[in-house]
Structure formats: structure tokens, C-alpha cells
Amino acid sequence: MNNPTHQQIATYLTDYALSELVKYVMEDTGCSIEQAMERVYNSPLTSALQDEENELYVQSPAYLYELMSLFPLTS
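Reading guide: rules and limits
In every chain, residue numbers begin from 1 and rise along the written sequence. Since the coordinates come from a predicted model, pLDDT governs what is reported: local features require at least 70, and pairs of side-chain atoms require 80 or more to be given and counted, while whole-chain, interface and lining totals use all residues. Calculation of side-chain values draws on the structure's entire complement of heavy atoms; hydrogens and water are dropped beforehand. Surface patches are defined over residues having more than 30% relative accessible area and no salt bridge, joining like charges when they lie within 9 Å and nonpolar side chains (Val, Leu, Ile, Met, Phe, Trp, Tyr) when within 5 Å. Note on areas: Shrake-Rupley with a 1.4 Å probe; residue coverage comes only from the protein chains shown. What makes a salt bridge here is a side-chain nitrogen of Lys or Arg within 4 Å of a carboxyl oxygen of Asp or Glu, nothing more. The numbering of helices and of strands both runs from the N terminus, where a helix is a DSSP run of H or I of at least 4 residues and a strand a run of E of at least 2. Per-residue accessibility, obtained with a 1.4 Å probe over protein chains only, is compared with the maximum for each type, and a residue is labelled buried under 20%, exposed over 50%, and partly exposed between these values. Only the stretch in contact is used when a helix axis is fitted, and all axes are lines through C-alpha atoms; the angle between N-to-C directions ranges over 0 to 180 degrees. In this scheme, roughly parallel covers angles under 35 degrees and roughly antiparallel covers those over 145, while 65 to 115 is roughly perpendicular and the rest are oblique. By definition, any crossing whose near helix is turned counterclockwise from its far helix by less than a right angle is left-handed, and any crossing with a clockwise turn is right-handed. When checking whether two residues touch, look at their non-hydrogen atoms; a contact exists if any pair is within 4.5 Å.

J.: Would you explain a nonpolar patch on the surface in this entry?
T.: A surface patch of nonpolar side chains, about 270 Å² in accessible area, is lined by I33, M37 and Y41. Turning to its location among the elements, M37 is positioned in helix α2 (residues 33–42). The class of M37 is partly exposed, set by a relative accessible area of 36%.

Right, here's the structure in full:
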């Protein structure tokens with residue numbers, strides 16, 4: 001079995017965090033999955049999360065959700 005690369009791990013953790021953020025938005029706002037995805041993926045946090053140099057992907061989704069709340073939501 002091959003060990004995963006750093007990039008594969010980062011991608012997995014980023015994808016997991018994004019899916020959890022969508023769930024958190026849905027739970028907190030009662031919006032649809034489409035609306036929650038739009039809010040998460042339009043958030044400045046998503047760009048920062050996808051930048052591997054920031055290493056934000058190692059943070060818990062709950063912490064990232066708190067960070068996301070600091071950024072204004074785009075429409």
C-alpha cells in the first residue's frame with residue numbers, strides 16, 4: 001500500500017472541512033444545501049483554505065466555521 005502524499009492529505013482534509021462547513025451553515029441558518037454551499041464556497045475562507053501554504057486544512061471544521069463567521073457573506 002502506498003502512503004498518501006502531502007497534497008492528497010491536504011485535499012482530503014480540505015474537502016472534509018468544506019463539507020462540514022456546509023452542514024454547519026445549514027444547521028445554523030436552516031437554508032437549503034444549495035444556499036449553504038453558495039455561502040461556503042463564496043466565502044473568502046474557502047480560498048484561504050484551499051491555499052496549501054496556509055495549512056488551514058489542519059484546523060478543525062468547528063474552528064474554521066468560527067473563522068468563516070468573521071468574514072462577511074457574499075450574495
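J.: I'm lost on the pattern of salt bridges in this one. Help?
T.: Opposite charge on two side chains lets them pair, provided their charged atoms get close. Taken as a whole and assessed by the stated rule, the structure comprises one salt bridge. Note that K23 is salt-bridged to E20, the shortest N-O span being 3.0 Å. Taken as a pair, K23 and E20 lie in helix α1 (residues 6–29) at a separation of three residues, close to a single helical turn. The exposure class assigned to E20 is buried, which follows from its relative accessible area of 13%.

J.: Help me understand the packing of α1 against helix α4 (residues 61–68) in this model?
T.: Two quantities define a packed helix pair, namely the angle between the axes and the distance from one axis to the other. Axis separation between α1 and α4 bottoms out at 9 Å; the angle between their running directions is 60°. When the axes of α1 and α4 are compared, the pair comes out oblique. Note on packing geometry: the crossing formed by α1 with α4 is right-handed. Counted together, Y16, A17, E20, L21, Y24, V25 and D28 of α1 and P61, A62, L64, Y65 and M68 of α4 form the full contact between these two elements.

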